[in-house]
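Below, each chain spelled out in residue letters.
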Amino acid sequence: MNKEQVITIDSIDAYNKLLGVETLHPLVTVVDVDKSPDWINGATMRYGVYALFLKQGEGCSVRYGREKYDYQAGTIVTFAPGQSVKVEWNQDLPMPPSRALLLHPDLAYGTPLGKKIGQYAFFDYSQREALHLSDRERAIVTGLLDQIEAEIEHPVDYHSQTLITDAISMLLDYCMRYYDRQFITRHKVCSTIFTAFEEQVREYFRDGHAEQSGIPTVAYFAQRAHLSTSYFGDLIKKEAGVTAQSYIQDILIGQSKQLLLEGSLTINEIAYQLGFQYPQHFTRLFKNKVGITPNQYRRQAI
């Protein structure tokens, strides 16, 4: 197979057939990825399902867009429907042992998992932001994968969907806990990113970029940090205690107060300078944040 070929994984059966394993449940599978045929090496996988991989060996890398990430033993990477990745490993070595959990979105419909799966932001993290596990954490993840696999192998009955989705939900909740731990243990790195973000936001408004390009988005600063928007937003929230969007707005309001106190610009001119297309939107945000309108703030200051 041409290494440039794109392989679409839009069903559980499609993935199982790719690895040559039997499909026991049409909407979910747990499989050993080291069974992958050699011709998959270098191919691009386009996912139409949710996927979670527990890497248990070394010597494999994932290419996501232009970014390449070499991850080591005890690492989890995740993909959401719509993502495409290129998997590569050393041709002189066998495919490193890994386990995969794949679930079709239909599995979660009508279950508690379906209501909360959108809250697992790490599915949208890029692979540069993989989750690194301790030995104890890896054992817990492995145990939950064993539990899910055992239930998949059990004949389908009235309880199957509940038991499977509850176990998947618990696994994903543990991933959330471990990501929280990773943000803490990497506080120094996170703090550096947060400090740079704060300065970049102030610089954006100070240097007139807002008037030219509008109010900056979280995605704009995430791109500058070479991180996905989801991961960057979670990192900032852990560091600042508020969302990245709210933090941008707080700095914007601080800048607007300074301009209001200087008194040389009208409210409309201040709004345009801060990147608002419509001045009334600035007035609404200011009142929501400060409790009074910009005009009232200026009059009180005078």
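The structure presented is a predicted model; accordingly, all values stated were derived computationally and were not measured.

Re the pairing of strand β4 (residues 50-55)
Then, number 1: Of all six residues that make up β4, six are buried, and the element is covered over most of its length.
Then, number 2: Going residue by residue along β4, you find Tyr50, Leu52 and Leu54 tucked away on one face and Ala51, Phe53 and Lys55 tucked away on the opposite face as well.
Then, number 3: Relative to strand β9 (residues 98-103), β4 runs antiparallel, the two being bridged by six bridges. Counterpart to tyrosine 50 in the pairing with β9 is leucine 103.
Then, number 4: Relative to strand β7 (residues 75-79), β4 is paired through five bridges, and the arrangement is antiparallel. Bridge pairing links leucine 52 to threonine 78 in β7.

Examining the confidence of the model for the protein chain
Then, number 1: Of the residues in the protein chain, 86% reach a pLDDT of 70 or more, and the chain-wide mean stands at 85.
Then, number 2: No element of the protein chain has a lower mean pLDDT than strand β6 (residues 67-71), which averages 43, and none a higher one than helix α11 (residues 267-273), which averages 95.

Here we look at the pairing of β9
Looking along a regular strand, one sees the side chains alternate between the two faces of the sheet.
Then, number 1: For β9, the buried fraction is high: six of the six residues fall into the buried class.
Then, number 2: On β9, burial covers both faces: Ser98, Ala100 and Leu102 on one face and Arg99, Leu101 and Leu103 on the other are all buried.

A look at the packing of helix α10 (residues 244-262) against helix α13 (residues 294-301)
Then, number 1: Two numbers describe how α10 lies on α13: the axes approach to 9 Å, and their chain directions differ by 55°. As the angle between them shows, α10 and α13 are arranged oblique. When the axes of α10 and α13 are compared, the crossing they make is right-handed. Taking contact as the criterion, the partners of Lys257, Leu259, Leu260 and Leu261 in α10 are, on α13, Pro294, Tyr297, Arg298 and Ala301.
Then, number 2: Tallied by class, the residues present in the contact of α10 with α13 amount to six nonpolar, no polar and two charged.

Considerations on the packing of aromatic side chains
Then, number 1: Per the stated rule, a full pass over the model turns up 20 aromatic pairs.
Then, number 2: Judged by centre distance (5.4 Å) and plane angle (80°), the ring pair of phenylalanine 197 and phenylalanine 221 falls under edge-to-face. Of this pair, phenylalanine 197 sits in helix α6 (residues 187-206) while phenylalanine 221 sits in helix α8 (residues 218-224); the two residues are 24 residues apart in sequence, bridging distant segments of the chain.
Then, number 3: Judged by relative accessible area, which is 0%, phenylalanine 221 ranks as buried.
Then, number 4: Taken together, a centroid distance of 5.8 Å and an interplanar angle of 40° make the contact between phenylalanine 197 and tyrosine 247 tilted. Remark: tyrosine 247 occurs in helix α10 and phenylalanine 197 occurs in helix α6; sequence separation between them is 50 residues. Take phenylalanine 197 and tyrosine 247: they sit in the same class, and that class is buried.

About the criteria used
In every chain, residue numbers begin from 1 and rise along the written sequence. pLDDT decides what is reported in this predicted model: residues at 70 or higher carry local features, side-chain atom pairs at 80 or more are listed and counted, and totals for whole chains, interfaces and linings draw on all residues regardless. Water and hydrogen atoms play no part in the side-chain values, which are based on all heavy atoms of the structure. Buried residues are those whose accessible area, probed at 1.4 Å on protein chains only, stays under 20% of the maximum for their type, while exposed residues exceed 50% and partly exposed ones sit between those limits. To qualify as a helix, a DSSP run of H or I must reach at least 4 residues; to qualify as a strand, a run of E must reach at least 2; elements of each kind are numbered from the N terminus. The pairing criterion is simple: DSSP has to find at least two bridges between the two strands. A score between 0 and 100, pLDDT records how confident the predictor is in each residue. Each axis is a line fitted through C-alpha atoms, taken for helices only over the stretch in contact, and angles between the N-to-C directions span 0 to 180 degrees. What sets the label is the angle itself: under 35 degrees gives roughly parallel, over 145 gives roughly antiparallel, 65 to 115 gives roughly perpendicular, and the rest give oblique. Working rule for handedness: look at the near helix, and if it is turned counterclockwise from the far one by less than a right angle, call the crossing left-handed; if clockwise, right-handed. Contact criterion: two residues are considered in contact whenever any of their non-hydrogen atoms come within 4.5 Å of each other. Classification convention: Asp, Glu, Lys, Arg as charged; Ala, Val, Leu, Ile, Met, Phe, Trp, Tyr, Cys, Pro as nonpolar; all other residues, Gly among them, as polar. Ring pairs shown here join Phe, Tyr and Trp side chains whose ring centres sit within 6.5 Å, with only the six-membered ring taken for Trp; geometry is labelled stacked below 30 degrees between planes, edge-to-face above 60, and tilted in between.

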